[in-house]
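# Chain and residue survey
So the chains spell out like this:
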Amino acid sequence: MQNLRDLMEQEIGELVREAGQPAYRAGQIFKWAQSGARSFDDMTDVPKSLRAFLAERCTVAPPALLKRQIARDGTRKYLWGLSDGNCIETVLMEYKHGYSVCVSTQAGCRMGCVFCASTKGGLVRNLTPGEILEQVLFAGLDAGVRISNIVLMGTGEPLDNMDAVLKFLQLVNNEKGLGIGERHISLSTSGLVDRIYALEKEALQITLSVSLHAPNNALRSQIMPVNRRWPVEELLAACRSYTAATHRRISYEYALIRGFNDTEACARELAGLLHGQLAHVNLIRLNEIEESPLKPSSTEATQRFCDILNKSGVTATVRRRLGFDIDASCGQLRRKYEQNGGV
Ligand code: SAH
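Residues numbered from 1 in each chain as written. Predicted model: local features only at pLDDT ≥ 70, side-chain atom pairs only at ≥ 80, totals over all residues. Heavy atoms only, no water.

## Details of the site of the ligand
- In the vicinity of the ligand, 17 residues are found, and the nearest of them are Phe115, Ser188, Ser211, His213 and Asn287.
- Interatomic distance of 2.9 Å between a backbone N/O atom of Phe115 and a nitrogen atom of the ligand.
- With respect to the ligand, the side chain of His213 contributes an N or O atom lying 2.5 Å from an oxygen atom.
- Taking 530 Å² as the accessible area of the ligand by itself, protein coverage stands at 93%. (Near = heavy atom within 4 Å. Polar contact = N/O pair within 3.5 Å; in protein donor to acceptor, adjacent residues only side chain to side chain. Areas by Shrake-Rupley, 256 points an atom, 1.4 Å probe, with all protein chains shown as cover.)

As structure tokens, this is what we get:
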């Protein structure tokens, strides 16, 4: 059954016309859907006959809340059950500038990065635009807070589900809905070069994050299979083109793995690679996952790496680890749920 939250106001308009109702009803219904109506009965200013017509064709049922974990630092992690039995996870974090939600874009992932829990069971399916949006909407409603920022950094590769992601951006941007603007949204990619060029053509104001994690092909191909298809030099060429076209600074994600990519030589090589680019490096100590023997770098090695980049003129910061005590790094909760057959 069609999820009403997948539809733009104009598409709801087509249903309204089919029902022989006046066009302005579409705006009302869109607003109800995007503000968290849980059933058609909630739509009190919509005639009952139209509600019944819609209920035969669409659903507004929210995802089922399977589990909610709240970390000591206030970070909340949600595990949602979708209508077809799949489950996905969402993280809500509090920052000085407001609340941020990290959403999944796929159930599972097919990128195969060796350090990431999200990809261990492979890709199950793409999420729909409404399923991506519901994570923001219902996490915000559950916590009773207004969401100001969104990061597409949960499970899945957003550029492997690009059409749904682009539609989600339009839906979430709408003033009748959550009204969150592109400048408050970051999209992270493992580096699908052809899609980065396609995204450039969309001329969006979102922040593009690129998961680099290594300064050369020899290292990157060992941990990110996508690098064998799109090597570092092609990835960086796409990034330079993206920045030139959009004037937006790219954020490079770099997870520091002990003894693998955290040496001074790696830091200098990375600095050489990014020098002169409109770039920011986000360093994060690797989050350990059960399925991988890789370990995080020490805090000293992390700081040294950061200092080398900054001294070489490449701005870098070490990202704070939020929700550490609740397995908040992507994919770990969902993975446990799928392996144990329940929470
Ligand atoms: N598929 C996209 C977005 C999802 S992952 C991408 O690859 O960018 C969000 C970020 O978390 C990515 O930078 C990813 O490489 C990183 N990540 C995944 N597992 C991690 C781990 N165990 N420790 C640290 N970062 C991790």
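## Focus: the nonpolar core
- In this structure, Leu4, Tyr252 and Val281 are the most contacted members of the largest nonpolar core, which totals 97 residues.
- Looking at this core, the element that brings in the most residues is helix α5 (residues 162–173), giving 7 residues.
- Counting contributing residues per domain, this core is built from domain 1 (2–59) and domain 2 (64–339), each supplying no fewer than three. (Core = buried A, V, L, I, M, F, W, Y, C linked by side-chain atoms within 4.5 Å. Buried < 20%, exposed > 50% of the residue type's maximum accessible area, 1.4 Å probe, protein only. Helix = DSSP H or I, 4+ residues; strand = E, 2+ residues; numbered from the N terminus. Domains from an automatic or database assignment.)

## Quick look at the domain arrangement of the chain
- Each assigned domain of the chain is listed here: domain 1 (2–59) and domain 2 (64–339).
- On a C-alpha basis, the centroid separation for the pair domain 1 and domain 2 is 34 Å.
- At the junction of the two partners, domain 1 supplies 15 residues and domain 2 supplies 16 residues.
- Of the roughly 1300 Å² buried at the junction of domain 1 and domain 2 (both faces included), carbon and sulfur atoms supply 55%.
- In terms of surface lost to domain 2, no three residues of domain 1 exceed Arg5, Asp6 and Gln34, which account for 43% of the buried area on that side.
- Inspection of the domain 1/domain 2 interface yields 3 salt bridges.
- For the salt bridge of Lys176 with Glu9, the shortest nitrogen-to-oxygen distance reads 3.0 Å.
- Put simply, domain 1 and domain 2 have 7 residue pairs in polar contact (both at pLDDT 80 or more) between them.
- Split by residue class, the side of domain 1 that touches domain 2 holds 4 nonpolar, 5 polar and 6 charged. (Contact = heavy atoms within 4.5 Å. Buried area = accessible area lost by both parts, 1.4 Å probe. Salt bridge = Lys/Arg side-chain N within 4 Å of Asp/Glu carboxyl O. Nonpolar A, V, L, I, M, F, W, Y, C, P; charged D, E, K, R; others polar.)

## Comments concerning the side chain of Ser104
- Assignment of secondary structure puts Ser104 in the loop between β6 (98–102) and β7 (106–108).
- Taking relative accessible area as the criterion, Ser104 reaches 0% and is therefore assigned buried.
- Among the polar contacts made by the side chain of Ser104, one reaches the main-chain carbonyl oxygen of Glu89 at a distance of 2.7 Å.
- Reaching out from Ser104, the side chain makes a polar contact with the backbone nitrogen of Thr155 at a distance of 3.2 Å.
- In this structure Ser104 touches Ile88, Glu89, Leu127, Ile132, Gln135, Gly154 and Thr155, once residues within four positions along its chain are discounted.

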